[in-house]
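A look at the structure
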Amino acid sequence: MSRIVYVNGEFLPEEAATISIFDRGFLFADGVYEVSTILGGKLVDNGAHLARLGRSLKELDMAAPCSMEEIAEIQHELLKRNDVEEGGLYLQVTRGAADRDFAFPKDAKPSLVMFTQSRPVIKTAAAEKGLAVISLPDIRWQRRDIKTVGLLPASLAKMAAIKAGANDAWMVEDGFITEGTSNNAHIVTKDGKLITRDLSNKILHGITRKAVLALAEETGIEIEERRFTPEEVKVASEAFVTSASTFVTPVISFDGVAIGDGKPGLVAKRLRELYIDFALKSCQ
Ligand code: PDD
């Protein structure tokens, strides 16, 4: 069964949806995106995703295609037209179509594209079994705080991890972990501290990371927001990732070394449960 997708003002079957070959998203990766999780046919923490979309647009001096309220209305109409219980809603804004020129066009109309993806969110094999992660150099640009569609380095890292028999990669720059290919990276030390990289241009300011840190704090877990090294990961008692698509998912090995007892850790399990409760409550 074909999906209904949204493209520049129209809801269409996916086969009928098109974008210009001159779209700057296609020619220059001149676009930004958000992924909101769908639970029970509703969107998780969507206000925070739209706020970050607004920030990404502002940082790139890109016009919004319409107001954030209108974007939310389109998202909800798309949910109505697609019967998705669990999955993700992808939305992308580009600077629009214009003849190829490195300088920004003066009068291009921003493009807005949205589609849904149906997949399990709560009960996943990765959450049960945990992930095997390897380290790889971070070769991305220096504005990782902006959620752009320039995802080739992340895609290459993911493929290198899969080729090496792992599930994902944590990227390393100047001797410190930045983040996962499409998630934020966290460890729990042997004395129970949650260590997560501090926010800067070096990582995406994850919406899930923020909510999970707040939940961890409420639970009384001590949090240190600072850089950490691959060596610290190997001697950690636990490790986990956070993202809209993985929620909280345990990491059980790093560069072939088992983390803790090599099984999903208790802190990650507890934070996943707490986050699922939060996600269900935040749904709209
Ligand atoms: N990725 N870091 C990177 C590089 C990401 O691409 C993502 C999200 C995150 C986590 O952010 P959030 O918690 O806001 O989802 C961190 C999405 C899910 C994706 O590209 O599919």
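Refer to the structure presented above.
Bear in mind the structure is a predicted one, so any value in this text is a computation, not a measurement.

Let us look at the site of the ligand. For the ligand, the set of nearby residues contains 20 residues, the closest of which are Tyr 33, Glu 179, Ile 207, Thr 208 and Ala 244. Here an oxygen atom of the ligand and a side-chain polar atom of Thr 208 are 2.6 Å apart. Contact between the ligand and Ala 244: an oxygen atom at 2.8 Å from a main-chain N or O atom of the residue. Protein coverage of the free-state accessible area of the ligand, which is 470 Å², stands at 90%. The cavity where the ligand resides is the largest pocket. For the shell around the ligand, the secondary structure elements donating two or more residues are strand E3 (31-39), helix H2 (46-59), strand E9 (176-180), helix H6 (207-218) and strand E13 (238-243). Classifying every residue of the shell around the ligand gives five nonpolar, eleven polar and four charged.

On to the packing of aromatic side chains. Taken as a whole, this structure holds eight aromatic pairs when the rule is applied. On the numbers, 6.3 Å between centres and 70° between planes, the contact of Trp 170 with Phe 228 is edge-to-face. Note that Trp 170 is positioned in strand E8 (residues 168-173) and Phe 228 in the loop between strand E12 (223-225) and helix H7 (230-234), a separation of 58 residues in sequence. Of the residues examined, Phe 228 reaches a relative accessible area of 0% and is grouped as buried. Centre to centre, the rings of Tyr 275 and Phe 278 are 5.5 Å apart; their planes meet at 40°, and the pair counts as tilted. Within this pair, Tyr 275 and its partner Phe 278 are both found in helix H8 (residues 266-282), separated by three residues, close to a single helical turn. Tyr 275 sits in the buried class, given a relative accessible area of 2%. In this structure an aromatic cluster arises from ring pairing among Tyr 33, Tyr 90 and Phe 115.

Enumeration according to the criterion identifies one cavity of 30 Å³ or more in this entry. Empty space within the largest cavity amounts to approximately 40 Å³. Around the largest cavity sit Thr 37, Val 44, Asp 45, His 49, Ile 207, Thr 208, Ala 244, Phe 247 and Tyr 275, which together line it. For the lining of the largest cavity, the residue count by class is five nonpolar, three polar and one charged.

Spatial ordering of the open sheet is given by E2-E1-E6-E5-E3-E4, a layout of six strands whose pairing is antiparallel. Looking at which strands have only one partner, the edges of the open sheet turn out to be strand E2 (10-13) and strand E4 (42-43). Of the pairings in the sheet, the one linking strand E1 (residues 4-7) to strand E6 (residues 111-118) comprises two bridges and is antiparallel in character. Paired with Val 7 across the two strands is Val 113, which belongs to E6. In the packing of H2 onto the sheet, contacts are made with E3, E4 and strand E5 (86-94), and the angle to E3 comes to roughly 180°.

So, on to a nonpolar patch on the surface. On the surface, a nonpolar cluster with roughly 420 Å² of combined accessible area is contributed by Ile 21, Phe 22, Phe 26 and Leu 27. With a relative accessible area of 58%, Ile 21 lands in the exposed category.

Here the focus is the pattern of salt bridges. Two side chains carrying opposite charge are able to pair once their charged atoms lie near each other. Applying the stated criterion across every chain, the model contains 20 salt bridges. Measuring nitrogen to oxygen at the nearest pair gives 3.4 Å for the salt bridge that ties Glu 224 to Lys 193. Here Glu 224, found in strand E12, pairs with Lys 193, found in the loop between strand E10 (184-188) and strand E11 (194-196); they are 31 residues apart in sequence, far enough to count as distant. A residue is classified by how much of its surface remains accessible, and Glu 224, at 23% relative accessible area, is partly exposed. One network of salt bridges, in which partners are shared, links Asp 138, Arg 140, Arg 144, Glu 173, Glu 179 and Lys 202.

Criteria and thresholds
Residues numbered from 1 in each chain as written. Predicted model: local features only at pLDDT ≥ 70, side-chain atom pairs only at ≥ 80, totals over all residues. Heavy atoms only, no water. Near = heavy atom within 4 Å. Polar contact = N/O pair within 3.5 Å; in protein donor to acceptor, adjacent residues only side chain to side chain. Areas by Shrake-Rupley, 256 points an atom, 1.4 Å probe, with all protein chains shown as cover. 1 Å grid on protein atoms, 1.4 Å probe; cavity = no way out; pocket = protein on both sides within 12 Å on 5 of 7 lines; lining within 4 Å. Sits in = over half its atoms within 2 Å of the grid points. Helix = DSSP H or I, 4+ residues; strand = E, 2+ residues; numbered from the N terminus. Nonpolar A, V, L, I, M, F, W, Y, C, P; charged D, E, K, R; others polar. Phe/Tyr/Trp six-rings, centres within 6.5 Å; stacked < 30°, edge-to-face > 60°. Buried < 20%, exposed > 50% of the residue type's maximum accessible area, 1.4 Å probe, protein only. Points joined across faces, edges and corners; volume = space filled by probe spheres on them. Pairing = 2+ DSSP bridges. Contact = heavy atoms within 4.5 Å. Axes fitted to C-alpha atoms, helices over the stretch in contact; angles between N-to-C directions. Patch = residues over 30% accessible without salt bridge, like charges linked within 9 Å, V, L, I, M, F, W, Y side chains within 5 Å. Salt bridge = Lys/Arg side-chain N within 4 Å of Asp/Glu carboxyl O.

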